[in-house]
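Structural description and commentary
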Amino acid sequence: MAAPLALVLVVAVTVRAALFRSSLAEFISERVEVVSPLSSWKRVVEGLSLLDLGVSPYSGAVFHETPLIIYLFHFLIDYAELVFMITDALTAIALYFAIQDFNKVVFKKQKLLLELDQYAPDVAELIRTPMEMRYIPLKVALFYLLNPYTILSCVAKSTCAINNTLIAFFILTTIKAAVHTCENEEQGLLDLFLGVCHDVCGKPSGNRLPLLLPSQLLGFHPRSLWLYCWVSPDFKLSCAVKEGLSVPDLTPNIGLFWYFFAEMFEHFSLFFVCVFQINVFFYTIPLAIKLKEHPIFFMFIQIAIIAIFKSYPTVGDVALYMAFFPVWNHLYRFLRNIFVLTCIIIVCSLLFPVLWHLWIYAGSANSNFFYAITLTFNVGQILLISDYFYAFLRREYYLTHGLYLTAKDGTEAMLVLK
Amino acid sequence: MGLLSDPVRRRALARLVLRLNAPLWALPVAWLERTMRSVGLEVYTQSFSRKLPFPDETHERYMVSGTNVYGILRAPRAASTESLVLTVPCGSDSTNSQAVGLLLALAAHFRGQIYWAKDIIFLVTEHDLLGTEAWLEAYHDVNVTGMQSSPLQGRAGAIQAAVALELSSDVVTSLDVAVEGLNGQLPNLDLLNLFQTFCQKGGLLCTLQGKLQPQDWTSLDGPLQGLQTLLLMVLRQASGRPHGSHGLFLRYRVEALTLRGINSFRQYKYDLVAVGKALEGMFRKLNHLLERLHQSFFLYLLPALSRFVSIGLYMPAAGFLLLVLGLKALELWMQLHEAEVGLEEPGGAPGPSVPLPPSQGVGLASLVAPLLISQAMGLALYVLPVLGQHVATQHFPVAEAEAVVLTLLAIYAAGLALPHNTHRPLSCRVVSTQAPDRGWMALKLVALIYLALQLGCIALTNFSLGFLLATTMVPAAALAKPHGPRTLYAALLVLTSPAATLLGSLFLWRELQEAPLSLAEGWQLFLAALAQGVLEHHTYGALLFPLLSLGLYPCWLLFWNVLFWK
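If you're wondering where the values come from, they're calculated on a predicted model, not measured in any experiment.

1. With respect to the overall build of chain A
In terms of regular secondary structure, chain A is built from 19 helices and zero strands. Within chain A, the fraction of its 418 residues that count as buried is 54%. The long-range share in chain A, meaning contacts at least 24 apart out of those at least 6 apart in sequence, stands at 79%.

2. Some words on the overall build of chain B
Assigned secondary structure in chain B consists of 20 helices and 13 strands. Counting the 566 residues in chain B, one finds 51% classified as buried. In chain B, 80% of the contacts between residues at least 6 apart in sequence involve partners at least 24 apart. Within the structure as shown, chain B displays about 25200 Å² of accessible surface, and the carbon and sulfur contribution to it stands at 64%.

3. Overview of the packing of aromatic side chains
Under the counting rule described, the total for this entry stands at 56 aromatic pairs over all chains. Measuring from ring centre to ring centre gives 5.9 Å for A:Trp258 and A:Phe370, while their planes differ by 50°; the resulting arrangement is tilted. In this pair, A:Trp258 sits in helix 13 (residues 257-262) while A:Phe370 sits in helix 19 (residues 367-401), placing the two residues 112 residues apart along the sequence. Its relative accessible area of 5% is what places A:Trp258 among the buried residues. Over the ring of A:Tyr135 we find A:Arg134; its NZ or CZ atom is 5.1 Å from the centre of that ring. Taking the ring centre of B:Trp217 as reference, the NZ or CZ of B:Arg307 above it sits at 4.2 Å.

4. A look at the pairing of strand 10 (residues 255-262) of chain B
Residue and element names in this part refer to chain B. With six of eight residues buried, strand 10 is to be regarded as a mostly interior element. With seven bridges joining them, strand 6 (residues 158-167) and strand 10 adopt parallel strand pairing. Bridging from a neighbouring strand, Ala 161 pairs with Glu 255 of strand 10. As paired elements, strand 8 (residues 174-178) and strand 10 share five bridges and run antiparallel to each other. Directly across from Ser 174, in strand 10, lies its bridge partner Ile 262.

5. A short note on the nonpolar core
With 201 residues, the main nonpolar core has A:Phe300, A:Tyr321, A:Trp328 and B:Trp135 as its most contacted residues. Discounting chain neighbours no more than four positions away, the residues touching B:Trp135 are B:Gln46, B:Asn68, B:Tyr70, B:Val85, B:Ile121, B:Leu123, B:Leu152, B:Ile159 and B:Phe249. Grouped together as the second largest cluster of nonpolar side chains are 67 residues, B:Leu73, B:Leu102, B:Ala274 and B:Phe283 included.

6. Points about the pattern of salt bridges
On inspection of all chains with the given rule, the structure shows 20 salt bridges over all chains. Here A:Asp101 makes a salt bridge to A:Lys176, at a shortest N to O gap of 2.6 Å. Of the two residues, A:Asp101 sits in helix 5 (residues 80-115) while A:Lys176 sits in helix 8 (residues 160-179), which places them 75 residues apart along the sequence. We note a salt bridge from B:Glu42 to B:Arg74, for which the minimum N-O separation is 3.0 Å.

7. Side note on the sheet that holds strand 6 of chain B
All names here are of chain B. Ordered in space as 5-1-2-4-3-6-10-8-9, the nine strands form an open sheet in which the pairing is mixed. The sheet terminates laterally at strand 5 (148-149) and strand 9 (206-208), the two strands that pair on one side only. Against the sheet, helix 3 (residues 97-111) contacts strand 2 (61-73), strand 3 (82-90), strand 4 (119-126) and strand 6, and its axis sits at roughly 160° relative to strand 4. Each of strand 6, strand 8, strand 9 and strand 10 is contacted by helix 5 (residues 189-202), which is oriented at about 35° to strand 10, the strand it contacts most.

8. Description of the interface of chain B and chain A
Taken together, the contacts link 21 residues of chain B with 22 residues of chain A. Between chain B and chain A the total buried area reaches about 1800 Å² when both faces are included, carbon and sulfur atoms providing 74% of it. Run the count over chain B and chain A and you get zero salt bridges. At the junction of chain B and chain A, the tally comes to one residue pair in polar contact (both at pLDDT 80 or more). Every element with two or more residues in the side of chain B that touches chain A is listed here: helix 9 (311-348), helix 10 (359-387) and helix 15 (438-461) of chain B. Ranked by residues supplied to the side of chain B that touches chain A, first place goes to helix 9 of chain B with seven residues. Split into classes, the residues belonging to the side of chain B that touches chain A amount to twelve nonpolar, six polar and three charged.

9. Some points on the side chain of B:Lys118
Residues and elements named next belong to chain B. Relative to the assigned elements, Lys 118 resides in the loop between helix 3 and strand 4. Accessibility expressed as a relative area gives 2% for Lys 118, which makes it buried. Within the local environment of Lys 118, its side chain forms a polar contact with the side chain of Glu 82, the two groups lying 3.0 Å apart. Beyond its immediate stretch of four places on either side in the chain, Lys 118 contacts Ala 75, Glu 82, Ser 83, Leu 84, Gln 160, Leu 286, Asn 287 and Leu 289.

10. Re helix 19 (residues 519-540) of chain B
Residues and elements named next belong to chain B. Between the first and last C-alpha of helix 19 there are 30 Å, a value that for 22 residues agrees with the 32 Å anticipated at 1.5 Å per step. Of all the residues in helix 19, the buried ones are Gly 522, Phe 526, Leu 527, Leu 530, Ala 531, Gln 532, Val 534, Leu 535, Glu 536, His 537, Thr 539 and Tyr 540. The first or second residue beyond helix 19 is Gly 541, which carries a positive phi of 80°.

11. Considerations on helix 4 (residues 67-76) of chain A
Residue and element names in this part refer to chain A. Restricting attention to buried positions, one finds in helix 4 the residues Pro 67, Ile 69, Ile 70 and Phe 73. Along helix 4, the residues classed as buried sweep out an arc of 145° about the axis, all on the same side. Turned more than 90 degrees away from the buried face of helix 4, the exposed residues are Tyr 71 and Phe 75.

12. Some remarks on the packing of helix 2 (residues 29-39) of chain B against helix 3 of chain B
Residue and element names in this part refer to chain B. Orientation of helix 2 relative to helix 3, taken along the N-to-C sense of each, is 20°, at an axis distance of 9 Å. Taken together, the axes of helix 2 and helix 3 are roughly parallel relative to one another. In the packing of helix 2 onto helix 3, the handedness of the crossing is right-handed. Here helix 2 contributes Trp 31, Leu 32, Thr 35, Met 36 and Val 39 to the contact with helix 3, which in turn contributes Val 100, Leu 103, Leu 104, Ala 107, Ala 108 and Arg 111.

13. Some words on the confidence of the model for chain A
Residue and element names in this part refer to chain A. Per-residue confidence for chain A gives a mean pLDDT of 81, with 81% of residues at or over 70. Confidence, read as mean pLDDT per element, is least for helix 11 (residues 224-231) in chain A (36) and greatest for helix 7 (residues 148-155) (94). Low pLDDT, under 50, characterises residues 182-207; the stretch is placed with 69 contacts to residues that sit more than four places away or in other chains. Contacts for the low-pLDDT stretch residues 216-236, under 50 throughout, to residues beyond four places or in other chains number 34 contacts.

14. Quick notes on the environment of A:Ile136
Residue and element names in this part refer to chain A. Residue placement: Ile 136 occurs in helix 6 (residues 136-145). The exposure class assigned to Ile 136 is buried, which follows from its relative accessible area of 2%. C-alpha separation for the pair Ile 136 and Val 327, spaced 191 residues apart in sequence, amounts to 6.2 Å. Those residues in contact with Ile 136, other than ones at most four positions away along the chain, are Ile 99, Asn 103, Arg 128, Pro 326 and Val 327.

15. Looking at unusual backbone geometry
Residues and elements named next belong to chain B. Backbone geometry at Glu 60 places phi at a positive 55°, although glycine is not the residue there. Phi at Glu 514 takes a positive value of approximately 60°, unusual for a residue other than glycine. Within the secondary structure, Glu 514 sits in the loop between helix 18 (498-512) and helix 19. Exposure remark for Glu 514: the relative accessible area of 60% places this residue in the exposed category.

16. Things to note about a nonpolar patch on the surface
Residues and elements named next belong to chain A. Together, Leu 7, Val 11, Val 15, Leu 142, Phe 143 and Leu 146 make up a nonpolar patch on the protein surface, roughly 450 Å² of accessible area in all. Contributions of two or more residues to the nonpolar patch are made by helix 1 (2-21) and helix 6. In terms of residue count, the dominant contributor to the nonpolar patch is helix 1 (three residues). With respect to the helices and strands, the residue Leu 142 is situated in helix 6. The exposure class of Leu 142 is partly exposed, given its relative accessible area of 33%.

17. Section: the pairing of strand 3 of chain B
Residues and elements named next belong to chain B. Here strand 3 lies mainly inside the structure; eight of its nine residues are buried. Across six bridges, the pairing between strand 3 and strand 6 is parallel. From the neighbouring strand, Leu 84 faces strand 6, where its bridge partner is Ala 161. Relative to strand 4, strand 3 runs parallel, the two sharing eight bridges. When the sheet's bridge partners are listed, Val 85 is paired in strand 4 with Ile 121.

Thresholds applied
Residues numbered from 1 in each chain as written. Chains lettered and ligands numbered in written order. Predicted model: local features only at pLDDT ≥ 70, side-chain atom pairs only at ≥ 80, totals over all residues. Heavy atoms only, no water. Helix = DSSP H or I, 4+ residues; strand = E, 2+ residues; numbered from the N terminus. Buried < 20%, exposed > 50% of the residue type's maximum accessible area, 1.4 Å probe, protein only. Contact = heavy atoms within 4.5 Å. Areas by Shrake-Rupley, 256 points an atom, 1.4 Å probe, with all protein chains shown as cover. Phe/Tyr/Trp six-rings, centres within 6.5 Å; stacked < 30°, edge-to-face > 60°. Lys NZ or Arg CZ within 6 Å of the ring centre and 35° of its normal. Pairing = 2+ DSSP bridges. Core = buried A, V, L, I, M, F, W, Y, C linked by side-chain atoms within 4.5 Å. Salt bridge = Lys/Arg side-chain N within 4 Å of Asp/Glu carboxyl O. Axes fitted to C-alpha atoms, helices over the stretch in contact; angles between N-to-C directions. Buried area = accessible area lost by both parts, 1.4 Å probe. Polar contact = N/O pair within 3.5 Å; in protein donor to acceptor, adjacent residues only side chain to side chain. Nonpolar A, V, L, I, M, F, W, Y, C, P; charged D, E, K, R; others polar. Expected span 1.5 Å × (residues − 1). Arc of directions from axis to C-beta. Parallel < 35°, antiparallel > 145°, perpendicular 65-115°, else oblique. Left-handed = near helix turned anticlockwise from the far one by under 90°. pLDDT = per-residue confidence, 0-100. Patch = residues over 30% accessible without salt bridge, like charges linked within 9 Å, V, L, I, M, F, W, Y side chains within 5 Å.

Shown next as structure tokens:
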């Protein structure tokens, strides 16, 4: 499997290198859909030059990244393009190995449940075979690397790519830890790694703390919490977290926050900030209760919810959870609205730049048009995630209760979500 | 017979004349500077030069260099933060010299008034639109089109509005107004209302699209004439050309109009005093503006000078056309889905021994090749004609402009020959025994969505172009399928291809202007229009050529592919 993966990596790097050299790189790095105030490369350069001048980068309202980014780019600023291409490649490799291990776990669990006779007798076509699961890790890497969203984020040098790498490694270590739970000497190393991950993950947006919960479910001790407090200098990180949580910068992006807060009175803004930010954290507990036996699916839904409801989303966040779609290929037959939702997402992605042009350059539209497309895009994403969730639950139900459901009087029954 | 009958000699002579780069008529820069200075303006000049991608045969220029002259009338008591522009584009002959005279007279008159709150810039450009583009780029400090221009020495603040003037003689019978700008952008309707008000006040006859206002709207004649005017405006907006200097101002969010003085066979003629009075009135009104013009509509269609159709009324039409594509795509999806469900039932019992991948798997893998090939053809259509003109002129006895146009047509026609080669190696991989239709249905689904997306995006930015292409391409696209009367569908598809739409709209345009074309003239005009389209893309950034070649032509090729699916 290494050769196809290497080929995919080569193609991806070629596409990114070609775009870096073309005149589009400048244009892409200014698009609001691809960079946000938290992940823009220009702000990183600004912070670095402030540091060179001896001023704290956090003293202005421009730089909102974690200290890790400064430390990383202080030495690598000349090779920035290479760094971003390598981070994309690392993300893809991490996801590849994570999904490979995950597939093994899934297959083992399925065999166990079959032997324990937990499945209904007529669900033969729902059982997954190793043959159909063989190409899934490669497809995941392909989906991530050749997704136009990822390519755009990479060419724009948005630090969202680094974010994605750390989340991918977090997922990889979580899965590997779950697989090798009894091996103690790995525990310490993985804890350390996870602590560093949490540091950057629980980062400017402050919104990634919910990712801790799935790792708890796998029996993973968060000794990392003390590492969290140790690695991050307290006042700097609190600045960055405050920025993400209080949303002072209202540059338009593909999220839901900017329009509301642009037209809101000061008096009410604190209340509405709390209401909006609760949305990110709120779904963790109910989902954890429902999906306690399927932590990776829970992680997928959680990443998607974070990508939709965070204060400054970009298309790079969307690309990360889209990479997981091949893993749930077997749910395809239960998805009800996949055609309409795919059309909505593609149409909205193309209409973003058109309506931005009409608003800012031609002057014949206004912010309402752009926000309408933002709303449609987010509604499409939410419907897509709930479609996958429902399909997952349906499949679980069919597995245990049989594919052809009959009501009490013998007629065919329909499964309805209550 | 003679020197020019031999194509080789003709080509050599044309090359010689162009390479000499000897201007046949040049702007009298020194005289203009002196006169403007004597009127009391601050005078500056700007030189510019540009090498066109290939020789322009309509305007007979290739390596263009010229000088713009502009004088700024500073407002006596204001801070020079805003300005208005009166521009006179001078071409390569002296057809606009009357307008220069009017400009200088107006400058002298305005100089004596005390009520100006904005600066007024009197701009005389050489090589008409090229000079205007050079001036605008230097004024706004951008470089969009690769023009080499010297920086401007004098500026006057943000431009609020501009009026371009073209007069061919010293008496006019009517004033024609042009509103359509580059890429179909329109000025604010307020500016047009302003012009119409002052024409009515001064008793000037004003026309739109060369047609007078219909007087009675109750009988059939009025609405019919209004419909003709509307169609003319749709065709001009769809072409995306800047029909006058004003078209280039619109890109920088400066509301602008072009006024053309027409001298036709009418009894009552107006002299330049009347035109000057109307212009003075317009400038005084624009002087009063506190904000940029934004109150009225930006997107409208005009059946007459005093009537307009707002976007809320005409956008649903385009929406319904695109809905047809959407519904057709949905129907194909349902058919593909049913075919897949029908296939699974007999194969369900023995287990997944023949692993039927979901329909997206089969569809996506086999669709990549036709998509890539049609996009590659589109890219070739966009890039090759200009790149390959020198190679073509070496091997064939044609001039460069002809080479570009003929290469365009050759690549376009070559695309038609493709479909028999793209999917033959693919058809063996598709599950063809049980569902032979799945291949072309998946391709048609993708093509329908692609077409709907493109037409939607185009309709949002340039409604007329989107609507025109939708009315021609949507029926043919929805009907295309390999079964049924293939020659009929093929003829329909060819007749509605982008190039045929361009040809048809040229004929329609001249028909509406009551100057119908014969077939030979129409073909010549078509070739000239192709050359102009490519040139305008390179010189002004007009988007018609890239949209048609990189967007709609590959999409149309996909439907051609579907039609000839084996």
